Amino acid sequence: MTEKVEKPLLVGLQEFGALYGVKPAQASQWITRGALDYEYAVIVSGAPYWLLSFAVEFGPKRPRPKEPNEHVVDEIKASQPGGALVSSIADVPPLVGFQEGAALWDVSQQTLAERVRSLKELPVDYDLSGSKFWLLDTALEQLGPAFKAISRGRDWAADREVVAALRERRYDGPGSVILPRGPAAREASKA
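### Some words on the overall build of the chain
Phase 1: When its secondary structure is counted, the chain shows nine helices and six strands.
Phase 2: Oriented by its inertia axes, the alpha-carbon framework of the chain measures out at about 60 × 45 × 35 Å.
Phase 3: Taking the intrachain contacts of the chain between residues at least 6 apart in sequence as the baseline, contacts between residues at least 24 apart amount to 72%.
Phase 4: Total accessible area on the chain stands at roughly 11,100 Å², and carbon and sulfur atoms take up 50% of it.
Phase 5: Of the side chains in the chain, 23 bear a positive and 25 a negative charge, and the two mean positions are spaced by 6 Å.

Written as structure tokens, this is what we have:
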């Protein structure tokens, strides 16, 4: 069994594209064409985030090999202080985005977003592809108490079942899957 890492280095579609000098939409097309999949990704609030180690190795292994931009690799590492390269998503600790956080504290995503905006000094473990998210332990140890401190009457106790499901990798609530969008969503709704 591999040792768990406190904070693995991750990339979203924006960062993945930047590694290879393409726009996020083009990186998204890699998924559509089957060149890129979610095997080395974790899903947080319905969006994929890949291991940086996988993303760096992706280009050189393509039929038309392309080297990642090392400057972008360095920027990604600098944007995730304390992050480590890992080779397996099994080494990624539980993560909490706005959808998982809403389930964790039994509030709407809007309420959670309002609390996040109201806190001036809020710890953020990840700010990738336009989304903020946290390690579960950060959420429990720092976010919950911070929300409680500015709340009127709500205790912000985390739902134990959601915590257990996230820790045991069996969480299947909001944010646990990527929902189809665009033409794929229209086709799925017809079925």
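### Concerning helix α5 (residues 98-105)
Phase 1: Judged by how many residues are buried, α5 sits mostly within the fold: six of eight residues are covered.
Phase 2: Within α5, the full set of buried residues consists of E100, G101, A102, A103, L104 and W105.
Phase 3: In the core, the buried residues of α5 are packed alongside β2 (41-44), β4 (95-96), α6 (109-118), α7 (136-149) and α8 (160-167).
Phase 4: Immediately beyond the C-terminal end of α5, within one or two residues, lies D106, with a positive phi of roughly 55°.

### Focus on a negative patch on the surface
Phase 1: Among the surface-exposed residues, E67, E70, D74 and E75 lie close enough to one another that they form a single negatively charged patch.
Phase 2: Along the chain, E75 turns up in helix α4 (residues 70-79).

### Some remarks on the sheet that holds strand β6 (residues 131-135)
Consider a sheet: its strands pair through backbone hydrogen bonds, and that pairing is either parallel or antiparallel.
Phase 1: Read from one edge to the other, the open sheet built from three strands follows the order β4-β6-β5, with strand pairing classed as antiparallel. Whereas interior strands pair on both sides, the edge strands pair on one side only; in this sheet they are β4 and β5 (126-128).

### Considering the environment of A41
Phase 1: Positionally, A41 belongs in strand β2.
Phase 2: Taking the relative accessible area as the measure of exposure, A41 reaches 6% and is therefore buried.
Phase 3: Each C-alpha atom of the pair A41 and L10 lies 8.7 Å from the other, and the pair is 31 residues apart in sequence.
Phase 4: Setting aside residues up to four positions removed in sequence, A41 forms contacts with P48, Y49, W50 and I89.

### Digging into the pattern of salt bridges
Phase 1: Using the criterion set out here, one finds four salt bridges in the structure.
Phase 2: When the shortest N-O distance is used, the salt bridge between K61 and E57 registers 3.7 Å.
Phase 3: A salt bridge links D137 to R167; the shortest N-O distance between them is 2.8 Å. Placement of the pair is D137 in helix α7 and R167 in helix α8, with a sequence separation of 30 residues.

Criteria and thresholds
- Residues numbered from 1 in each chain as written.
- Predicted model: local features only at pLDDT ≥ 70, side-chain atom pairs only at ≥ 80, totals over all residues.
- Heavy atoms only, no water.
- Helix = DSSP H or I, 4+ residues; strand = E, 2+ residues; numbered from the N terminus.
- Contact = heavy atoms within 4.5 Å.
- Areas by Shrake-Rupley, 256 points an atom, 1.4 Å probe, with all protein chains shown as cover.
- Lys, Arg positive; Asp, Glu negative; His and termini not counted.
- Charge placed at Lys NZ, Arg CZ, Asp CG, Glu CD.
- Buried < 20%, exposed > 50% of the residue type's maximum accessible area, 1.4 Å probe, protein only.
- Patch = residues over 30% accessible without salt bridge, like charges linked within 9 Å, V, L, I, M, F, W, Y side chains within 5 Å.
- Salt bridge = Lys/Arg side-chain N within 4 Å of Asp/Glu carboxyl O.
- Pairing = 2+ DSSP bridges.

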